[in-house]
Amino acid sequence: MTPASPRLLGDTAQGGSVLAFYSPKGSPRPPRIDRGEGVYLWDADGKRYLDATAGAVVANIGHGNPHVLAAMKEQAARVSFAYPRFFESEHNIALADRVCALAGEGFDRAFFISGGSEANESALKLARQYAVVSGQASRWKVISRNPSYHGSTLGALAVTGDAHTQSIYGPMIKSMPKVSAPMSYRIPDGHTQESHAMACAEELARTIEREGPESILAFIIEPIGGLSTGAVVSSSAYFERVRQICDRHGVLLIYDEIMSGAGRTGEFLAAHHWRAARPDMVTLAKGLAAGYTPLGCLLAPNRIVDAVAGQGGFVHGHTYFTNPLSCAVANAVMDEVERLDLVTRARERGESLRRRLEALAERSPLVGDVRGLGLLSAIELVADKATRRALPPAFNAPSKLTAHGLRHGIALYNRRANLGAFGDFQMITPPLTISESELDELVEKLERTLTDLADEVTRSKLA
Ligand SMILES: Cc1ncc(COP(=O)(O)O)c(C=O)c1O
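Residues numbered from 1 in each chain as written. Predicted model: local features only at pLDDT ≥ 70, side-chain atom pairs only at ≥ 80, totals over all residues. Heavy atoms only, no water.

## Looking at the domain arrangement of the protein chain
Assigned domains of the protein chain: these are domain 1 (33-61 + 341-459) and domain 2 (67-339). For domain 1 and domain 2, the distance between their C-alpha centroids amounts to 26 Å. Across the contact, 42 residues belong to domain 1 and 43 residues belong to domain 2. Looking only at domain 1, the three residues that lose the most surface to domain 2 are Ile61, Leu373 and Arg415, adding up to 19% of its buried area. Glu380 serves as the salt-bridge partner of Arg186, at 2.9 Å between the closest nitrogen and oxygen. If you look at where domain 1 meets domain 2, you find 17 residue pairs in polar contact (both at pLDDT 80 or more). Across the side of domain 1 that touches domain 2, the residue classes tally to 24 nonpolar, nine polar and nine charged. (Domains from an automatic or database assignment. Contact = heavy atoms within 4.5 Å. Buried area = accessible area lost by both parts, 1.4 Å probe. Salt bridge = Lys/Arg side-chain N within 4 Å of Asp/Glu carboxyl O. Polar contact = N/O pair within 3.5 Å; in protein donor to acceptor, adjacent residues only side chain to side chain. Nonpolar A, V, L, I, M, F, W, Y, C, P; charged D, E, K, R; others polar.)

Laid out in structure tokens, this is it:
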């Protein structure tokens, strides 16, 4: 084992000088990362892990891509940083043109920042400033869904539907209205998945009426859920109804595609799966720079940006917005996405992974549901498949699964939403570059990991 640094103090989970994130005191230290190549990561002891979730659904083009590393080195040698208020950057312009072209009609302008939470903060603030400059200053409330996840900064948390984070940070946050997110596996009695989704859309209509339409600025959703719902996919009818409701009341519709965008679902935007309903703004991050640099993006139409630009400009910014190094790196990542045709690959490998996961669900007593689109997929873990009974939240199945996975050489990202109140999910979201034989290895290692968890469930007498 790698020796602990002498600087580490006390017995916190991850050592004294490192803040322990999500790790209760006494939990084992994670392996220390050494290097990555393709879909694999190696720790400092030389052990190899298959990166089954692309980290936090980030490493879309895999690790150690030589083309991206070369572009990074070249740009860093020319200039890493030049503040955008003084200098424009060739790579910023190229990346904006490219991302807007891939996003298609209605997405004319791109604003680059350092990550997903910053992208959502930017979307909420651009929406608000647009309302102010267009004579609608009474609009400020942003409706979102429960459960949902939109980031960890205070503005993004205000629209995140998670009772646990609310219980800690709630007093510091402006409370925003929430409506139910359509679920697909645990749906209320007397409903089909479709009728439940339409009831959720009607709840949006009622909430707007109740709150006062003139006060509602926007509705923000994850078009395909991430860890908040475990990759729930809704029907076109749901998105179309939501669009109608927003149009009727002049409410902006924002898709948070931080996890689902940049090709992961088999289209550049998840929004492209339901073209009859188009959002007004989209946020991206994660796969856009695929972990080679921190990067987020807000896509918006001319009509919004021009209205704000015409009245003094967007009163918002961050030190690293549109920085040349990150934009050059993301351009190189997008070159690889195009060269390797990774959006098509995500669709094809997604179907292939899904067949394997459905077969695994037949064999495993713990896998109650398999869902998702492209390579944004998840399995739902249950105590009883017949009744769909969830594992007790206190058992914390996801963190146990991660620990078993590391022993079996498979890295499984987890961030527990709502303390498991809506069920326990495991995202299965490998790099889009994964091969068929690597998919076989992923499912084989996942099965061994699930078998260990099933033994633990039996020992705990939970099943
Ligand atoms: C849907 C969604 N929105 C927002 C975020 C926040 O992004 P970041 O962690 O880059 O701030 C995430 C991160 O997991 C996410 O999945």
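Here the narrative resumes.
## Some remarks on the packing of helix 11 (residues 342-363) against helix 13 (residues 436-459)
Closest axis-to-axis distance for the helix 11/helix 13 pair is 10 Å, and the angle between their directions is 25°. When the axis of helix 11 is compared with that of helix 13, the two are roughly parallel. Where helix 11 crosses over helix 13, the two elements pack in a sense that is right-handed. Residue-level contacts link Arg349, Ser352, Leu353, Arg356, Leu357, Leu360 and Arg363 of helix 11 to Glu436, Leu439, Asp440, Val443, Leu446, Glu447 and Leu450 of helix 13. Of the residues that constitute the contact of helix 11 with helix 13, the class distribution is seven nonpolar, one polar and six charged. (Axes fitted to C-alpha atoms, helices over the stretch in contact; angles between N-to-C directions. Helix = DSSP H or I, 4+ residues; strand = E, 2+ residues; numbered from the N terminus. Parallel < 35°, antiparallel > 145°, perpendicular 65-115°, else oblique. Left-handed = near helix turned anticlockwise from the far one by under 90°.)

## Notes on the side chain of Gln75
Considering the arrangement of structural elements, one finds Gln75 in helix 2 (residues 66-78). For Gln75, a relative accessible area of 5% corresponds to the buried category. At 3.1 Å, the side chain of Gln75 forms a polar contact with the side chain of His91. The residues contacting Gln75, other than those within four sequence positions of it, are Ser80, His91, Pro324, Leu325 and Ala328. (Buried < 20%, exposed > 50% of the residue type's maximum accessible area, 1.4 Å probe, protein only.)

## What to know about helix 13
The end-to-end C-alpha distance of helix 13, which contains 24 residues, comes to 35 Å, matching closely the 34 Å that a straight helix rising 1.5 Å per residue would cover. Lys461 lies just past helix 13 and shows a positive phi near 55°. (Expected span 1.5 Å × (residues − 1).)

## Quick look at the packing of aromatic side chains
Counted by the stated rule, this structure contains 10 aromatic pairs. Ring pairing ties together the aromatic residues Phe81, Tyr83, Phe86, Phe111, Phe314, Tyr320 and Phe321, which thus form one cluster. Cation over ring: Arg35 sits above Trp42, and NZ or CZ is 4.0 Å from the ring centre. Just above the ring of Tyr40 sits the side chain of Arg48; from NZ or CZ to the centre is 3.8 Å. (Phe/Tyr/Trp six-rings, centres within 6.5 Å; stacked < 30°, edge-to-face > 60°. Lys NZ or Arg CZ within 6 Å of the ring centre and 35° of its normal.)

## A few points about the site of the ligand
Lining the immediate surroundings of the ligand are Gly115, Gly116, Ser117, Asn120, Tyr149, His150, Gly151, Glu222, Asp256, Ile258, Met259 and Lys286. Between the ligand and the protein, one listed contact pairs an oxygen atom with a side-chain N or O atom of Ser117 at 2.6 Å. Here an oxygen atom of the ligand sits 2.9 Å away from a polar atom, N or O, in the side chain of Lys286. Protein burial of the ligand: of its 390 Å² of free accessible surface, 82% is covered by the chains. Top element by residues in the shell around the ligand is helix 4 (residues 116-133). It accounts for three residues. When grouped by side-chain class, the residues that make up the shell around the ligand number three nonpolar, six polar and three charged. (Near = heavy atom within 4 Å. Areas by Shrake-Rupley, 256 points an atom, 1.4 Å probe, with all protein chains shown as cover.)

## Some details on the pairing of strand 10 (residues 296-300)
Burial analysis of strand 10 places five of its five residues in the buried class, which makes it a mostly covered element. Because side chains alternate across strand 10, one face comprises the buried residues Gly296, Leu298 and Ala300, and the other comprises Cys297 and Leu299, equally buried. With five bridges connecting them, strand 4 (residues 109-113) and strand 10 associate as antiparallel partners. The residue bridging Phe112 from the neighbouring strand is Cys297, located in strand 10. Across three bridges, strand 9 (residues 281-284) lies against strand 10 in antiparallel orientation. The partner of Thr283 across the bridge, within strand 10, is Leu298. (Pairing = 2+ DSSP bridges.)

## Section: the pattern of salt bridges
A complete count under the given rule lists 25 salt bridges for this structure. Between Glu211 and Arg210 there is a salt bridge, with the nearest N and O atoms lying 3.5 Å from each other. With a relative accessible area of 25%, Glu211 lands in the partly exposed category. We note a salt bridge from Arg243 to Asp247, for which the minimum N-O separation is 2.8 Å. Placement of both Arg243 and Asp247 in helix 8 (residues 236-249) is noted, with a separation of four residues, approximately one turn of the helix. What makes Arg243 buried here is its relative accessible area of 11%.

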